[in-house]
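# Overview (structure and organization)
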Amino acid sequence: MADLTIFGRPGCQACALTVRKAKELGLDFDYVNVDADIAASAQLIAAGHRTLPLVRTRTDEWTGFRPDLLDLLGVVRARR
């Protein structure tokens, strides 16, 4: 199971930065392109999410580029 799921879309700078940071930290993640996955897009909208990227972990979720939170996930992963 992936450490996190990143919901984003092509052309989203914050989405690209989030993916790049997750890769740099060696995090295992799934990426969902909400332009290509209409069902995922509809679920996010129904849940009230309007900002990308949306990052979902097993216990938390946030929107926008949050390198501080990704760094915390990297520290936790390194301690396993």
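Everything here concerns the structure above.
Given the structure is predicted, the values throughout are model-derived calculations rather than measurements. (Residues numbered from 1 in each chain as written. Predicted model: local features only at pLDDT ≥ 70, side-chain atom pairs only at ≥ 80, totals over all residues. Heavy atoms only, no water.)

### Describing the nonpolar core
Quick reminder of the rule: As used in this record, nonpolar core signifies buried Ala, Val, Leu, Ile, Met, Phe, Trp, Tyr and Cys residues forming a set joined through side-chain atoms within 4.5 Å. The classification of residues rests on relative accessible area computed with a 1.4 Å probe and restricted to protein chains. Under 20% of the type maximum is buried, over 50% is exposed, and intermediate values are partly exposed. Note on conventions: DSSP H or I runs of at least 4 residues are helices, E runs of at least 2 residues are strands, and numbering of each starts at the N terminus. When checking whether two residues touch, look at their non-hydrogen atoms; a contact exists if any pair is within 4.5 Å.
Judged by nonpolar contacts, L4, I6, V19, A22, L27, F29, V55, W62, L69 and L70 together constitute the single largest core of ten residues. Listed by contribution, the elements that provide at least two residues to this core are β1 (4-8), α1 (13-24) and α3 (67-79). Leaving out residues up to four positions away in the same chain, L4 has contacts with L27, D28, F29, D30, V55, R56, T57, L70 and L73. Membership of the second largest hydrophobic core comes to nine residues, among which are C12, V34, A40 and L52.

### Here's the deal with the sheet that holds β1
Condition: Any two strands with at least two DSSP bridges between them are considered paired. Fitted lines through C-alpha atoms serve as axes, helices being fitted only where they are in contact, and the angles separating the N-to-C directions of these axes extend from 0 to 180 degrees.
Sheet architecture is open: four strands sit in the order β2-β1-β3-β4, paired in mixed fashion. Lying at the two open borders of the sheet, with one neighbouring strand each, are β2 (29-33) and β4 (61-63). Strand-to-strand twist across the sheet, computed as the mean angle between neighbouring axes with direction ignored, equals 15°. Bridge count for strand β3 (residues 54-57) against β4 is three bridges, and the pairing is antiparallel. Within β4, the residue paired with R56 across the bridge is E61. Where α1 meets the sheet, its contacts fall on β1, β2 and β3, and the angle it forms with β1 comes to roughly 155°.

Keep in mind these values describe shape, not function.
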